[in-house]
Amino acid sequence: MAAFLDVAGAEKRFGSTTVLGGVDLAVARGEFISLLGPSGCGKTTLLRMVAGLLAPDRGRIVLDGRDLTTTPPHRRDVSVVFQSYALFPHLTVAENVAFGLKARRRPAAEVAATVARFLGLVQMAGFADRPIRALSGGQQQRVAVARALAVQPKVMLLDEPFSALDRKLRETMQIDLKRLLRELGTTSVFVTHDQDEALTMSDRIAVMNRGAIEQFADPVTIYRRPATAFALGFVGLSSRFDGTVTASEGGIITVATPAGSLRAPGRFLPGSPVVLGIRPERMALGDGADGPDRNGLDATLVEVAFQGARAHLYLAVGGGTVVTVEAPEVPAGAAPGAPVRLSFAVADMLAYPADPDPALLAAAA
Amino acid sequence: MRRRIDPVALLALPAAAYLLFAYGWPLAALLVRSVHGPGGFSLAPFAAFLSDPFSWRVIGNTLSTAGLTTLVCLAVGYPAALALAWSRGIVQVVLLLSIILPLSVGVVVKAYAWQIVLRRDGIVSQALVGLGLWSEPQRLLFTETGLVIGAANVFLPFMILPIYSVIRLLDPRLRAAAATLGATPLHRFLRVTLPLTLPGIVSGIAFVFSLAVSMYVVPSLVIGDRYQTLATLTGRAFLFMRNEELGSTTAVLLLAMAVSIVVGSTALARRLGSTG
Ligand SMILES: Nc1ncnc2c1ncn2[C@@H]1O[C@H](COP(=O)(O)OP(=O)(O)O)[C@@H](O)[C@H]1O
Ligand SMILES: [Mg+2]
């Protein structure tokens, strides 16, 4: 199936820094995807390229079968909700929403009806004649969404639209926006550095790091099977062990780590530096349940963080490593300093090649 | 409700005191003299001045040169302000210097340059003939056109700089947003950039018009005595004719024009600014 929005080999440099290094991204019609990554990894740059606000140095952008690479933004049918909303301060709420329709020279009656419809969809119907400056952040955000959607774009781009809102409001708006976009069937690319937001809202998530997409998959896969050590560390909580493979047999590696010897599924040559990871809910405090398919570690309780529905336990294992364990409740008699035994399944371990040392890379270059 | 004076306003105290003594005081004396004849309070000098057709020609000259100068400055200055605000790096520095540096060249020096440029065989005349706009070379020096060209030359920075300072503060994302909503470059300019820069245009017009309406040196140098404006007439009345009554009358009329322009445009700019 040909993708609806297809970014192929998009590259961008600013001076001598490569901000995007050949990014490929294929989005299906009606899909809601997120670009998730730390600040500065190139999310906004990629978005601006799709919108036509920035020309790629190399690569192509195809939308609905049309090559847009050199098409100016006003002929792309790509709407953007900017991080700061970028509402027109000299226009009212309704005039802001009408802007794109008037630019497309739609008849006045159609403009009025469409504006009313979209203001209704974002629950801003009563605010049509207000000036922009009289709105709260959340209201401005809704107007920006209505303005971008009113032109019925082929693709809707959203650049961290909730980053300026407080958490409670953000959660409601996430659900409202997702439902609205699904109802309208609008293909959407959503930029965020907030993993919870991405996991909640997206059909698929593209995890970005240093100008590259490290993994593009549905949220469950991203969480359960992170493709890289970076994706593991960036999405969700995990404990990390750095070590060297000492034995490799039948798809199981044995790794010497400062915390002790651990086993994990994986195929690496003995001597390879690797990173092992495991999710907090996959670890348990146990007694002697160690078996051939389980890892066990002695640990000391450092801190207990009660979180309502569950508790996080921070435990010190050998070599100064601190691991996080999720427990359904705070264990009885848990006090900092208490010795505990950790147990976790080999199959739940994730193994990645260690990030090449930046110093070594520099030396090789 | 009683308003308390904002203590920050005290920072303007030195400027206010200076203006009071160097400007307010003589101005008040002038005002008094214009309505205080030998026989006490009287508006007779105004009535006499305004009943003379020559005076109306002077007022007409004043308004038309100031108005034309302002128009020329706006037409040339607005695009220049855009270029200045949207250029980057060395180009921007060069543009800024070429706008600011001429301010440091005295009007007399400029006037000497105009004598060369505006002559019958000067570059302007030759260019217009070359373009086929004029059938034969003409002298621009000592004409109203020459005066407007010269005045616009002197006052152009006062149009460019206020507009530039407003454009510079415009959020570039507004234009980007307009583009992604389907607005062509022209539509973006007319519906976003222009309305949001109106406050700058209004202050530019106020600056240039109030400077041009009261200019004295430029008309004296470019055109001489044959063409009188309120400002040159005021100067003549005080300096050559020793007619203080006439001088005070014309000075007050001039002041009234400038004040109404400044007050009106400030009010307009504030209203535009409150939505933009
Ligand atoms: N116009 C520009 N000139 C130079 N560097 C830029 C420019 N725009 C972005 N960058 C750099 O590119 C990198 C990626 O920026 P951006 O795409 O905004 O990241 P993100 O949106 O993921 O936080 C950053 O290091 C930023 O400093
Ligand atoms: Mg960004």
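All of the points below concern the structure found in this document. As the structure is a computational prediction, the values presented were derived from the model and not from experiment.

### Focus: the overall build of chain B
Each helix and strand counted, chain B has 12 helices and two strands in total. Ordered by position from the N terminus, the helices and strands of chain B form the series α-β-β-α-α-α-α-α-α-α-α-α-α-α. Out of the 276 residues in chain B, the part that is buried amounts to 37%. Long-range contacts, defined as pairs at least 24 residues apart, comprise 70% of the intrachain contacts of chain B with a sequence gap of at least 6. As displayed, chain B has an accessible area near 15,600 Å², and 70% of this comes from carbon and sulfur atoms. A gap of 13 Å separates the mean positions of the 20 positive and 9 negative side-chain charges of chain B.

### Examining the site of ligand 1
All names here are of chain A. Surrounding ligand 1, one finds Phe14, Val19, Pro38, Ser39, Gly40, Cys41, Gly42, Lys43, Thr44 and Thr45. The separation between an oxygen atom of ligand 1 and a polar main-chain atom of Gly40 is 2.6 Å. Thr45 is positioned such that a nitrogen or oxygen atom in its side chain is 2.5 Å from an oxygen atom of ligand 1. Its free accessible area being 560 Å², ligand 1 has 54% of it covered by the protein chains. The element best represented in the shell around ligand 1 is helix H1 (residues 43-51), accounting for three residues. Grouping the amino acids of the shell around ligand 1 by side-chain chemistry returns four nonpolar, five polar and one charged.

### Things to note about the pairing of strand E1 (residues 5-14) of chain A
Residues and elements named next belong to chain A. Two elements, E1 and strand E2 (residues 17-27), share seven bridges in a ladder whose sense is antiparallel. In the sheet register, Leu5 faces E2, and the bridge partner there is Val27. Sheet analysis places E1 next to strand E4 (residues 58-63), joined by five bridges and oriented antiparallel. When the bridges of E4 are listed, Asp6 appears paired with Val62.

### Describing a nonpolar patch on the surface
Residue and element names in this part refer to chain B. Residues Ile90, Val91, Val93, Val94, Leu97 and Leu101 make up a contiguous nonpolar surface patch of about 560 Å² in total accessible area. Mapped onto the secondary structure, Val93 falls in helix H4 (residues 89-100). For Val93, a relative accessible area of 45% gives the class partly exposed.

### With respect to the interface of chain A and chain B
Taken together, the contact pairs 23 residues of chain A with 23 residues of chain B. Interface area for chain A against chain B, summed over the two sides, is near 1,800 Å², with a carbon-plus-sulfur share of 67%. Broken down residue by residue, the surface that chain A buries against chain B is led by His74, His90 and Phe99 of chain A, which jointly contribute 33%. For the pair chain A and chain B, the interface holds five residue pairs in polar contact (both at pLDDT 80 or more). When contributions to the side of chain A that touches chain B are tallied by element, the ones reaching two or more residues are strand E6 (78-81), helix H2 (93-103) and helix H4 (137-150) of chain A. Considering each element in turn, the side of chain A that touches chain B owes the most residues, four residues, to H2 of chain A. Residues that form the side of chain A that touches chain B fall into these classes: 14 nonpolar, five polar and four charged.

### Some words on the packing of H2 of chain A against helix H3 (residues 108-121) of chain A
Residue and element names in this part refer to chain A. Direction vectors running N to C along H2 and H3 enclose 125°, while the axes themselves pass 9 Å from each other. Relative to H3, H2 is oriented oblique. When the axes of H2 and H3 are compared, the crossing they make is right-handed. Between H2 and H3, the residues in contact are Val93, Ala94, Val97, Ala98, Leu101 and Lys102 and Val111, Thr114, Val115 and Leu119, respectively. Taken together, the residues that form the contact of H2 with H3 break down as eight nonpolar, one polar and one charged.

Analysis parameters
- Residues numbered from 1 in each chain as written.
- Chains lettered and ligands numbered in written order.
- Predicted model: local features only at pLDDT ≥ 70, side-chain atom pairs only at ≥ 80, totals over all residues.
- Heavy atoms only, no water.
- Helix = DSSP H or I, 4+ residues; strand = E, 2+ residues; numbered from the N terminus.
- Buried < 20%, exposed > 50% of the residue type's maximum accessible area, 1.4 Å probe, protein only.
- Contact = heavy atoms within 4.5 Å.
- Areas by Shrake-Rupley, 256 points an atom, 1.4 Å probe, with all protein chains shown as cover.
- Lys, Arg positive; Asp, Glu negative; His and termini not counted.
- Charge placed at Lys NZ, Arg CZ, Asp CG, Glu CD.
- Near = heavy atom within 4 Å.
- Polar contact = N/O pair within 3.5 Å; in protein donor to acceptor, adjacent residues only side chain to side chain.
- Nonpolar A, V, L, I, M, F, W, Y, C, P; charged D, E, K, R; others polar.
- Pairing = 2+ DSSP bridges.
- Patch = residues over 30% accessible without salt bridge, like charges linked within 9 Å, V, L, I, M, F, W, Y side chains within 5 Å.
- Salt bridge = Lys/Arg side-chain N within 4 Å of Asp/Glu carboxyl O.
- Buried area = accessible area lost by both parts, 1.4 Å probe.
- Axes fitted to C-alpha atoms, helices over the stretch in contact; angles between N-to-C directions.
- Parallel < 35°, antiparallel > 145°, perpendicular 65-115°, else oblique.
- Left-handed = near helix turned anticlockwise from the far one by under 90°.

Such coordinate-based values are descriptive only and should not be taken to indicate function.
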